[in-house]
Amino acid sequence: MFRAIADVLRQIGGAVATVVTLPFRALARLFGGASSTARGRGV
């Protein structure tokens, strides 16, 4: 039973982590893509 609760908490934590990190990943990709294209290299 405790393992089931731990699994649920782990899944919730993973979902929260993805939702929190998604905007930062999008920003990093935006700035990274802009800087790489500014240097003249494609992606």
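Residue numbers restart at each chain and count upward from 1, following the sequence in its written direction. Note on the predicted model: pLDDT of at least 70 is required for a residue's local features to be given, and 80 or more for side-chain atom pairs to be given and counted; whole-chain, interface and lining totals, by contrast, use all residues. Computation of side-chain values: all heavy atoms of the structure, hydrogens and water removed.

### Comments concerning the overall build of the protein
Counted only if it meets this: Segments assigned H or I by DSSP are reported as helices when at least four residues long, segments assigned E as strands when at least two residues long, and all are numbered from the N terminus. Think of it in three bands: with a 1.4 Å probe and only protein chains considered, a residue is buried below 20% of the maximum accessible area for its type, exposed above 50%, and partly exposed in between. All accessible-area figures derive from a Shrake-Rupley calculation using a 1.4 Å probe, and residue coverage is judged against the displayed protein chains alone.
Scanning the protein for helices and strands turns up one helix and zero strands. Here the protein holds 43 residues, and 2% of them are scored as buried. Summed over all atoms, the accessible surface of the protein reaches about 4,000 Å², with 72% contributed by carbon and sulfur.

### Overview of the pattern of salt bridges
Selection rule: Here, a salt bridge means any Lys or Arg side-chain nitrogen found within 4 Å of an Asp or Glu carboxyl oxygen.
Throughout the structure, instances matching the rule amount to one salt bridge. Between Arg-10 and Asp-7 there is a salt bridge whose closest N-O contact spans 2.9 Å. A residue pair is termed a helical-turn pair when its members lie 3 or 4 positions apart in one helix, as Arg-10 and Asp-7 do in helix 1 (residues 2–38) at three residues. For Asp-7, a relative accessible area of 33% corresponds to the partly exposed category.

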